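Summary of structural features
Here are the chains, one letter per residue:
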Amino acid sequence: MSALAYNDAEKGTLEVHSPQLTDPTKDEKKAVDIEVFAVQSLEKDVPVTLPDVAKPPPAPAKSAKKSTPLWVLWVIWYNAYRRFFTVVFVVNFIGIGFAIAGKWPYAARYPGALVLGNLNVAILVRNEIFGRCLYLFVNTFFAKWTPLWFRLACTSTLQHLGGIHSGCAISGVAWIVLMVVHQFKTKDMFNDSILAFGVITSVMLFVTLCAGLPWVRNTHHNVFELNHRFFGWTSLCMTWVYTIVTNAYDTADGKFDHVGRYVVQQQAFWYTVGMSIFIVLPWICTRHVDVDVELPSPKVAVLRFERGMQQGLLARISRSAVKEYHAFGIISEGTHAKHHYLICGVQGDFTKGLVNDPPKKIWTRELKFAGVSNTSTLYKRGIRICTGTGLGAALSTCIQSPYWYLIWIGSDQEKTFGPTISGLIHRHIGPERLLLWDSKVRGGRPPTMKILKEVYDQWQAEVVFITSNYVGNFEIQHGCKEAGIPAFGTLWDFVSDPRLFC
């Protein structure tokens with residue numbers, strides 16, 4: 001096999017057209033008929049022509065549900081997120097134990113540094129600019145040539161950095177509680193204002209922490225966002241006040257003698273500066289931009305923005321500058337393109353508003369954040385399987401790289417998602433790497449794992465990326481693990497399922 005020219009296509013600087021398509025210049029607003037193709041053999045990368053395409057198979061008979069082995073449930077549940085969380089949590093609480101026992105002098109002398117150090121790391125790993133830098137570093141230096149296990153580990157690490165975020169946030173709150181309790185035990189040495197700001201800061205951080213719990217985040221998104229953000233900002237302000245008054249106070253004479261230069265020289269001051277920068281940086285990229293809204297059906301809104309994007313990115317959009325931001329996968333033909341698109345499925349109040357009252361302008365962060373699909377550059381070949389509006393997070397990868405196979409499962413896709421999305425698929429993804437399953441036409445859901453295993457073998461894929469609802473993600477990811485297929489799915493960190501307890 002000749003060497004593969006990955007770079008241009010995967011960076012989004014090469015326009016990829018299927019050799020089977022005759023007219024890629026068709027207006028994307030024109031309705032395009034998308035044919036449903038069967039799984040085909042691609043041994044030795046021999047291209048497949050249209051006459052070779054088999055007729056769609058009939059709808060499969062429903063089979064009895066197979067129970068998932070306990071070891072598969074455990075391996076997927078105790079993922080890298082929980083492993084990161086465990087390490088951070090255990091290390092910090094061992095440190096807290098030593099501090100309580102009086103066996104760690106540093107913790108007794110600089111408790112504020114341990115509070116703010118943890119909070120800095122928690123904020124940094126969620127910073128979108130830092131995240132893009134990490135993805136860029138990994139994709140630049142480790143793509144294709146490193147062992148597959150290493151590349152899979154890179155993807156897993158980048159996807160599950162939230163475990164470090166959660167572990168450091170909880171540990172930071174635990175350290176500040178310990179610090180405030182110690183101050184109250186020796187309250188004769190501290191001014192009342194220090195004790196008061198210590199309590200206020202602890203309460204603000206605790207509320208911020210509770211607002212970010214998985215149950216709140218997944219079942220009450222607006223409550224999570226408003227409280228996590230605004231209590232977080234309040235916590236930052238209180239942290240500044242608490243840091244300054246604590247370091248300015250001289251316990252020897254009971255006065256605020258240590259001002260100016262002395263405060264600036266303390267570790268806690270610079271930790272607070274770093275934390276402030278990490279929080280503010282993403283917001284300087286926020287802009288109020290023009291948007292065109294296409295409504296192909298009552299179920300979907302397709303938003304079009306100016307400029308092209310590389311694959312694997314997501315956009316946050318809102319009608320307000322500071323609240324109710326929602327993330328959607330970006331569809332783009334590459335950085336050279338004039339536009340990029342978001343598919344917004346109508347579910348909550350925000351997306352219903354896009355249909356009932358389409359905006360002309362919308363708030364977004366111009367610097368987009370990277371999702372797990374951005375690491376598709378690491379792999380020689382892969383499969384992108386998605387259901388419904390999950391296409392939004394999957395399509396760019398398959399448009400911009402000819403080495404990715406798209407499986408899209410949905411209902412009445414052409415009518416539901418409209419000519420723009422259909423046109424993008426038709427122009428850029430040939431039948432040799434496309435399988436569309438219309439459950440309305442086929443009369444039901446597909447035998448997903450059977451199809452996926454066949455495509456995985458024939459496409460010679462290294463990895464599978466999944467974007468689906470909870471049930472679909474659960475079935476595919478667990479099926480892949482059982483079959484020995486490397487797969488990464490959507491993170492659903494707080495949804496109970498009876499199979500987990502059977």
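Residues numbered from 1 in each chain as written. Predicted model: local features only at pLDDT ≥ 70, side-chain atom pairs only at ≥ 80, totals over all residues. Heavy atoms only, no water.

Focus: the overall build of the protein
Along the protein, the regular secondary structure elements total 19 helices and 13 strands. Taken across its 502 residues, the protein has 51% of its residues classed as buried. Within the protein, contacts between residues separated by at least 24 positions form 76% of all contacts whose residues are at least 6 apart in sequence. Here the protein displays about 24,400 Å² of accessible surface, and carbon together with sulfur accounts for 63% of that area. (Helix = DSSP H or I, 4+ residues; strand = E, 2+ residues; numbered from the N terminus. Buried < 20%, exposed > 50% of the residue type's maximum accessible area, 1.4 Å probe, protein only. Contact = heavy atoms within 4.5 Å. Areas by Shrake-Rupley, 256 points an atom, 1.4 Å probe, with all protein chains shown as cover.)

Looking at the packing of aromatic side chains
In this structure the tally under the stated criterion is 24 aromatic pairs. Measuring from centroid to centroid gives 5.5 Å for Tyr405 and Trp459, while their planes differ by 70°, and the two rings are edge-to-face. Taken together, the residues span a long stretch of sequence, with Tyr405 in strand E10 (residues 404–410) and Trp459 in helix H18 (residues 448–459) at a distance of 54 residues. Considered together, Tyr405 and Trp459 belong to a single accessibility category, that of buried residues. In textbook terms, an aromatic cluster arises when at least three aromatic residues are bridged by ring pairs, as seen for Phe137, Phe141, Phe142, Trp149 and Phe150. Cation over ring: Arg365 sits above Trp283, and NZ or CZ is 4.1 Å from the ring centre. Over the ring of Trp459 we find Arg381, and its NZ or CZ is 4.3 Å from the ring centre. (Phe/Tyr/Trp six-rings, centres within 6.5 Å; stacked < 30°, edge-to-face > 60°. Lys NZ or Arg CZ within 6 Å of the ring centre and 35° of its normal.)

So, the environment of Asn356
Within the fold, Asn356 resides in helix H14 (residues 349–356). Take Asn356: its relative accessible area is 64%, and that puts it in the exposed class.

Focus on the sheet that holds strand E13 (residues 487–488)
Read from one edge to the other, the open sheet built from 5 strands follows the order E11-E10-E9-E12-E13, with strand pairing classed as parallel. Whereas interior strands pair on both sides, the edge strands pair on one side only; in this sheet they are strand E11 (434–438) and E13. Strands in contact with helix H16 (residues 413–428) are E10 and E11; relative to E10, the strand with the most contacts, it is inclined by about 165°. (Pairing = 2+ DSSP bridges. Axes fitted to C-alpha atoms, helices over the stretch in contact; angles between N-to-C directions.)

A few points about helix H5 (residues 111–124)
Relative to the 20 Å expected for 14 residues at 1.5 Å per residue, H5 spans 20 Å between its end C-alpha atoms, a close match to the ideal helical length. Along H5, 11 of the 14 residues are buried, which leaves the element largely enclosed by surrounding structure. Buried-residue contacts for H5 involve helix H3 (80–100), helix H4 (105–109), helix H8 (162–185), helix H9 (192–211), helix H11 (221–248) and helix H13 (267–280). (Expected span 1.5 Å × (residues − 1).)

What to know about the nonpolar core
Among the nonpolar cores identified, the biggest contains 59 residues, and Leu303, Ile317, Leu342, Ile362, Leu391, Leu395 and Ile421 are the most heavily contacted of them. Contact partners of Leu395, with chain neighbours within four places excluded, come to Ile331, Leu406, Ile421, Leu424, Ile425 and Ile429. Listed in part, the 23 residues of the second largest apolar core include Ile176, Met179, Ile194 and Leu205. (Core = buried A, V, L, I, M, F, W, Y, C linked by side-chain atoms within 4.5 Å.)

As for a nonpolar patch on the surface
Taken together, Trp71, Trp74, Val75 and Trp77 make up a surface patch of nonpolar side chains, about 450 Å² in accessible area. As for its placement among the helices and strands, Val75 is situated in helix H2 (residues 70–77). (Patch = residues over 30% accessible without salt bridge, like charges linked within 9 Å, V, L, I, M, F, W, Y side chains within 5 Å. Salt bridge = Lys/Arg side-chain N within 4 Å of Asp/Glu carboxyl O.)

Notes on the pattern of salt bridges
All told, the structure shown has 11 salt bridges when counted by the stated rule. Note that Arg307 and Glu366 form a salt bridge whose closest N and O atoms lie 4.0 Å from each other. One end of the pair, Arg307, is in the loop between strand E3 (300–306) and strand E4 (313–318); the other, Glu366, is in the loop between strand E7 (361–365) and strand E8 (369–370), and 59 residues separate them in sequence.

So, the packing of H9 against H11
Where H9 meets H11, the axes come as close as 8 Å, and the angle between the chain directions of the two elements is 155°. By the angle class used here, H9 and H11 are roughly antiparallel. In this structure, H9 crosses over H11, and the sense of that crossing is left-handed. Residue composition of the contact of H9 with H11, grouped by class: 13 nonpolar, 10 polar and no charged. (Parallel < 35°, antiparallel > 145°, perpendicular 65-115°, else oblique. Left-handed = near helix turned anticlockwise from the far one by under 90°. Nonpolar A, V, L, I, M, F, W, Y, C, P; charged D, E, K, R; others polar.)

Things to note about the pairing of strand E9 (residues 382–387)
Extensive coverage of E9 is indicated by the burial of 5 of its 6 residues. In the sheet, E9 pairs with E10 via 6 bridges, with the strands oriented parallel. Looking at E10, one finds that Ile383 is bridged to Tyr405. With helix H15 (residues 391–400) bridging E9 and its parallel neighbour E10, the resulting β-α-β unit is right-handed. Note that E9 and strand E12 (residues 463–467) share 5 bridges and pair parallel. (Right-handed = clockwise from strand over helix to strand, strands pointing away.)

A closer look at the environment of Ile170
Structurally, Ile170 can be placed in helix H8. Considered as a pair, Ile170 and Phe206 are 36 residues apart in the sequence and their alpha carbons are 8.6 Å apart. Beyond its immediate stretch of four places on either side in the chain, Ile170 contacts Phe85, Phe89 and Leu209.

Here we look at the side chain of Arg381
Its place among the elements puts Arg381 in the loop between E8 and E9. Of the residues examined, Arg381 reaches a relative accessible area of 9% and is grouped as buried. Engagement of the side chain of Arg381 in a polar contact is seen with the backbone oxygen of Trp459, the distance being 3.5 Å. (Polar contact = N/O pair within 3.5 Å; in protein donor to acceptor, adjacent residues only side chain to side chain.)

Digging into the packing of H3 against H8
Between H3 and H8, the least distance of the axes is 7 Å, while the angle of their chain directions is 20°. When the axis of H3 is compared with that of H8, the two are roughly parallel. The way H3 lies across H8 gives a crossing that is right-handed. Facing H3, whose interface residues are Tyr81, Phe84, Phe85, Val88, Phe89, Asn92, Phe93, Gly95, Ile96, Ala99 and Ile100, H8 presents Gly162, Gly163, Ile164, Ser166, Gly167, Cys168, Ile170, Ser171, Ala174, Trp175 and Leu178.

Considerations on the side chain of Thr375
Looking at the element boundaries, Thr375 is found in the loop between E8 and E9. By relative accessible area, Thr375 is classed as buried at 1%. Separated by 3.1 Å, the side chains of Thr375 and Thr155 make a polar contact. If we skip the residues at most four places from it in the chain, Thr375 touches Tyr135, Asn139, Thr155, Leu158 and Phe465.

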